[in-house]
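Close look at the chain arrangement
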Amino acid sequence: MRTRFVPAAIPAVLCAALMTLAGSASAQLHDPATPLAVAAKVALRGEANSIAVREMRIVRKNDILVVQADMANMGRTDRTVFYRFKWLDNVGNQVGDGESWKQMTVLGLGQQTVKSVAPTSAAVDLRLEMNVEPR
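Description of the structure in this document. (Residues numbered from 1 in each chain as written. Predicted model: local features only at pLDDT ≥ 70, side-chain atom pairs only at ≥ 80, totals over all residues. Heavy atoms only, no water.)

1. Overview of empty space enclosed by the protein
The criterion, for reference: Both site types are read off a 1 Å grid over the protein atoms alone. A 1.4 Å probe that fits but cannot get out defines a cavity, while an open set with protein on both sides within 12 Å along at least five of seven lines defines a pocket; lining residues have an atom within 4 Å of a point. Grid points are joined across faces, edges and corners, and a volume is the space filled by probe spheres set on the points. For helices the rule is a DSSP run of H or I covering at least 4 residues; for strands it is a run of E covering at least 2, with both sets numbered from the N terminus onward. All amino acids are sorted into three groups, where Ala, Val, Leu, Ile, Met, Phe, Trp, Tyr, Cys and Pro are nonpolar, Asp, Glu, Lys and Arg are charged, and the leftover types, Gly among them, are polar.
A complete count under the given rule lists 1 cavity of 30 Å³ or more for this structure. Taken as a whole, the largest cavity holds about 40 Å³ of empty space. Around the largest cavity sit His30, Asp31, Thr34, Val42, Leu44, Ala48, Ile51, Ala52, Val53 and Met130, which together line it. The set of elements that each furnish at least two residues to the lining of the largest cavity consists of β1 (42–44) and β2 (51–61). At 3 residues, the largest contribution of residues to the lining of the largest cavity is made by β2. Residues belonging to the lining of the largest cavity are distributed by class as follows: 7 nonpolar, 2 polar and 1 charged.

2. Comments concerning the pattern of salt bridges
Pairing between side chains of opposite charge can happen when their charged atoms approach one another. Rule in force here: Should a side-chain nitrogen of Lys or Arg be within 4 Å of a carboxyl oxygen of Asp or Glu, the pair is scored as a salt bridge. Only protein chains enter the calculation, and the probe is 1.4 Å; a residue is then buried if its accessible area is under 20% of its type maximum, exposed if over 50%, and partly exposed in between.
Across all of its chains, the model carries 8 salt bridges by this definition. In this structure, Arg57 engages Glu55 in a salt bridge whose closest nitrogen and oxygen atoms are separated by 3.4 Å. Since its relative accessible area comes to 40%, Glu55 is described here as partly exposed. Measuring nitrogen to oxygen at the nearest pair gives 3.1 Å for the salt bridge that ties Asp125 to Arg127. For Arg127, a relative accessible area of 26% corresponds to the partly exposed category.

3. Describing the side chain of Asp89
Selection rule: Only four residue types enter the tally: Lys and Arg on the positive side, Asp and Glu on the negative side, with His and both chain ends excluded. Under this definition, polar contacts are N or O atom pairs within 3.5 Å; protein pairs additionally need one hydrogen-donor-capable and one acceptor-capable atom, and for neighbouring residues in sequence, both atoms have to be side-chain atoms. By the convention used here, residues are in contact when the closest approach between their heavy atoms is within 4.5 Å.
For Asp89, the position within the fold is in the loop between β4 (79–88) and β5 (102–106). Arg127 provides the closest opposite charge to the buried, unpaired Asp89, separated from it by 10 Å. Separated by 3.1 Å, the side chain of Asp89 and the backbone nitrogen of Gly92 make a polar contact. If we skip the residues at most four places from it in the chain, Asp89 touches Val95, Ala122 and Val124.

From the geometry alone we can't say anything about function, so treat these as descriptive.
Here you go:
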């Protein structure tokens with residue numbers, strides 16, 4: 001009976017490759033029309049259902065972050081979008097009490113801009129949390 005030598009690094013490499021593939025599959029929940037830099041700021045709850053965040057503008061005015069995000073409906077049917085902004089400090093902790101969910105209708109092939117202002121100057125980053133209702 002022959003025994004095969006399997007270096008200890010091979011299972012670790014296979015495990016890392018599988019985790020990378022699994023991470024790539026879950027990260028693809030955003031609409032392909034959403035740029036990757038913008039998708040990194042979007043926390044999608046469920047599927048995008050043809051809603052793409054085409055552009056996100058973040059500026060600091062009087063030491064407070066201000067954001068505007070353009071949501072585009074890539075489909076022909078109207079979509080209901082629930083969204084809120086989550087503001088984060090320099091270590092990733094939430095700043096402030098958090099915003100309440102807002103509801104908006106994005107018409108078929110239309111675009112809407114959403115805006116928000118950070119609650120304090122401690123906010124240095126953000127996430128746009130979204131839930132798009134299927135039809």
